[in-house]
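# Chain and residue survey
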Amino acid sequence: MYEPIRTKSVHSMADDAVFPHRSREEELDIQLAGHLAALLAVTDELRALAPSGELDTAAERIAHQVARLRHGVLPPRSSVAAAIHEPHVAALHQRAHALAGRALVVAASRADTAAAILAAERMDVHADATRLVGAS
């Protein structure tokens, strides 16, 4: 009653050699590096608005972790705030806290102790800073 299919189905998977596949760990590395790079950008903005040695040290530690996850490729850095209008410092601390939280979740998922410790430390610092700036 039905004629058999004589051509290759368009719904079948393509040849595996055509599409590169990444492991779960590689995907988590990419995701963690992205979260940490975003945290670094916010940290650089905070450094431009309110320079401090603690922020300088934190930025270097974050940059080191991003470079480690990207196999030695250093993240781009900003020496001045990119915003035209001076952003609200409390909002930057809140954004940094959220980014550090995302990084912590991914670092814990891939069992990256160094990145998890760094992210947790940054969460604490930005939570404290948000409370201090918000109280002013």
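Cut-offs applied
Residues numbered from 1 in each chain as written. Predicted model: local features only at pLDDT ≥ 70, side-chain atom pairs only at ≥ 80, totals over all residues. Heavy atoms only, no water. Helix = DSSP H or I, 4+ residues; strand = E, 2+ residues; numbered from the N terminus. Buried < 20%, exposed > 50% of the residue type's maximum accessible area, 1.4 Å probe, protein only. Contact = heavy atoms within 4.5 Å. Areas by Shrake-Rupley, 256 points an atom, 1.4 Å probe, with all protein chains shown as cover. Core = buried A, V, L, I, M, F, W, Y, C linked by side-chain atoms within 4.5 Å. pLDDT = per-residue confidence, 0-100. Axes fitted to C-alpha atoms, helices over the stretch in contact; angles between N-to-C directions. Parallel < 35°, antiparallel > 145°, perpendicular 65-115°, else oblique. Left-handed = near helix turned anticlockwise from the far one by under 90°. Nonpolar A, V, L, I, M, F, W, Y, C, P; charged D, E, K, R; others polar. Polar contact = N/O pair within 3.5 Å; in protein donor to acceptor, adjacent residues only side chain to side chain.

## Here we look at the overall build of the protein
Counting its regular elements, the protein contains four helices and zero strands. Starting at the N terminus, the α and β elements of the protein follow one another as α-α-α-α. Counting across all 136 residues of the protein, residues that qualify as buried make up 34%. When contacts within the protein are restricted to residue pairs at least 6 apart in sequence, long-range pairs at least 24 apart make up 72% of them. Just so you have it, the protein exposes about 9,000 Å², and 60% of that area is on carbon and sulfur atoms.

## A word on the nonpolar core
Within the largest apolar cluster, 26 residues are counted, with the highest numbers of intra-cluster contacts made by L32, L36, L39, V42 and I62. Contributing elements (two or more residues each) for this core: α1 (24–49), α2 (53–69), α3 (89–109) and α4 (113–135). Here this core takes eight residues from α1, the largest share from any one element. Beyond its immediate chain neighbours, meaning those up to four positions away, L36 contacts I62, Q65, V66, L69 and A103.

## What to know about the confidence of the model for the protein
The predicted model of the protein has a mean per-residue pLDDT of 84, with 82% of residues at 70 or higher. Highest mean pLDDT in the protein belongs to α2 (95); lowest belongs to α4 (87).

## A few points about the packing of α1 against α2
Taken N-terminus to C-terminus, the directions of α1 and α2 make an angle of 155°; their axes are 9 Å apart at the nearest point. Comparing the axis directions of α1 and α2 gives the class roughly antiparallel. For α1 against α2, the interelement crossing comes out left-handed. Between α1 and α2, the residues in contact are D29, L32, A33, L36, A37, L39, L40, T43, D44, L46 and R47 and L55, D56, A59, I62, A63, Q65, V66 and L69, respectively. Looking at the contact of α1 with α2, its residues break down into 13 nonpolar, two polar and four charged.

## Details of the side chain of D44
Secondary-structure assignment places D44 in helix α1. Among the polar contacts listed, one links the side chain of D44 to the side chain of R47, at a separation of 2.7 Å. Those residues within four positions of D44 in sequence are excluded, and the remaining contacts are A59, R77 and S78.

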